[in-house]
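Observations on the model geometry
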Amino acid sequence: MTTQAGSSPSELGRILKAWRGTRGVSQFELSLQTGVSQRHLSFMESGRSAPTRQTLMVVADGLDMPFRERNQLLLAAGYAPLYDADESWDTGSFVIVRHALQRMLLQHEPFPALVMDRYWNVVMVNEATKRLFGTFIDLDRWPRPRNILHMIFDPEGLRPFIGDWDRFSASMLQRVRREAVGGAIDEPTRVLLNALMAYPGTGHVAQDDRAADLPVIPLTLVDANRRLSYFSLVTTVGTPRSPGPQELRVECMAPVDEATERWHRPVS
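The paragraphs below set out a description of the structure included in this document. Note that the coordinates shown come from a computational prediction; the quantities given were computed from them, not determined experimentally.

Observations concerning the overall build of the protein chain
Helix and strand counts for the protein chain come out as twelve helices and five strands. The 268 residues of the protein chain split such that 47% are buried. Split by element, the accessible area of the protein chain, about 13,800 Å² in all, is 53% carbon and sulfur.

Take a look at the structure:
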């Protein structure tokens, strides 16, 4: 069987092999999971056969590929993308998600909560988040979309105010890797990690394994007048059907101690 016009066997094979490697499964194991014969999987990776769109999606399910990466798989096989990767916040389906996220942020007041995309760019925040970060840094110096990781790691950002920097930064670098969409570090995430580790005094803590031993690594912000500590609760959109909602995370920051809680609950 020959490959259909417009397809790129080498690119298709590269993507499939890379995702099998990410998931740690052989062609035989993937065949058992998907019902696609090992022979057919081998031919797909070598470019000797042209899989149907349905077969590609079955294999993508078996590899638990995120929607944006499924589009890349389809394009490599000569098919049109199946998922709207540029879905606007104003579309009907996204409006429902946006309103739900806004309610979540409002309900979490007076404590900080924010919504981020897959690369940790801030999409939405509540008023408590603005108050917290604005207490320590000038938010106006950070162009939109603000990247929360750069705001944390930059020596001119929150970093000078973060207690136990070595442990916290090590845990954050681990989080970026662990929470990558689909459990795979794509090229933009790799670029982001390299940029974070390029900040002065960051690279040497990247392999600090102490952070993995604790159930919660609090973010503690300290200046001459206050010491505020938080741990995070992270929520994702359940059963998403497009890349946009799938890639969003809601981070709700909960006070670790009474002093932090009192700071957020001014006496009326």
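Overview of the pattern of salt bridges
Counting across every chain of the model gives 16 salt bridges. For Lys 130, the salt bridge goes to Glu 127, with nearest N and O atoms at 3.3 Å. Placement of the pair is Lys 130 and Glu 127 together in helix H7 (residues 127–136), with a separation of three residues, close to one helical turn. By relative accessible area, Lys 130 is classed as partly exposed at 41%. Linking Glu 179 and Arg 249 is a salt bridge whose minimum nitrogen-to-oxygen distance equals 3.4 Å. With a gap of 70 residues between them, Glu 179 in the loop between helix H9 (165–178) and helix H10 (187–197) and Arg 249 in strand S5 (residues 249–255) connect regions that are remote in the sequence.

Examining unusual backbone geometry
Here Glu 109 and Pro 110 are connected by a cis peptide whose omega angle stands at 10 degrees. Mapped onto the elements, Pro 110 comes out in the loop between helix H6 (92–108) and strand S1 (113–116). Notably, Trp 120 is not glycine yet its phi reads approximately 70 degrees, a positive angle.

What about the environment of Ala 170?
Tracing the sequence through the fold places Ala 170 in helix H9. Residues Ala 170 and Ile 217 lie 47 residues apart in sequence; the distance between their C-alpha atoms is 9.9 Å.

Details of the sheet that holds S5
A sheet is described by the order of its strands in space; here five strands give the open sequence S2-S1-S5-S4-S3, paired in antiparallel fashion. Since the sheet does not close on itself, it has two edges, and those belong to strand S2 (122–125) and strand S3 (219–222), each with one partner. Neighbouring strand axes in the sheet, compared pairwise and without regard to direction, differ in orientation by 30 degrees on average. Two strands pair when backbone bridges link them, and S1 and S2 are joined in this way by three bridges, in the antiparallel orientation.

Brief notes about H10
All buried positions along H10 are accounted for by Thr 189, Leu 192, Leu 193 and Leu 196. Axial view of H10: buried residues confined to an arc of 100 degrees, hence all on one face. Among the structural elements, helix H8 (148–153) and H9 are those in contact with the buried residues of H10.

Details of the side chain of Ser 31
Among the secondary structure elements, Ser 31 is positioned in helix H2 (residues 27–34). The exposure class assigned to Ser 31 is buried, which follows from its relative accessible area of 14%. Once you skip the residues sitting within four places of it in the chain, Ser 31 turns out to touch Val 36, Ser 37, Gln 38 and Leu 41.

Criteria and cut-off values
Residues numbered from 1 in each chain as written. Predicted model: local features only at pLDDT ≥ 70, side-chain atom pairs only at ≥ 80, totals over all residues. Heavy atoms only, no water. Helix = DSSP H or I, 4+ residues; strand = E, 2+ residues; numbered from the N terminus. Buried < 20%, exposed > 50% of the residue type's maximum accessible area, 1.4 Å probe, protein only. Areas by Shrake-Rupley, 256 points an atom, 1.4 Å probe, with all protein chains shown as cover. Salt bridge = Lys/Arg side-chain N within 4 Å of Asp/Glu carboxyl O. Pairing = 2+ DSSP bridges. Axes fitted to C-alpha atoms, helices over the stretch in contact; angles between N-to-C directions. Arc of directions from axis to C-beta. Contact = heavy atoms within 4.5 Å.

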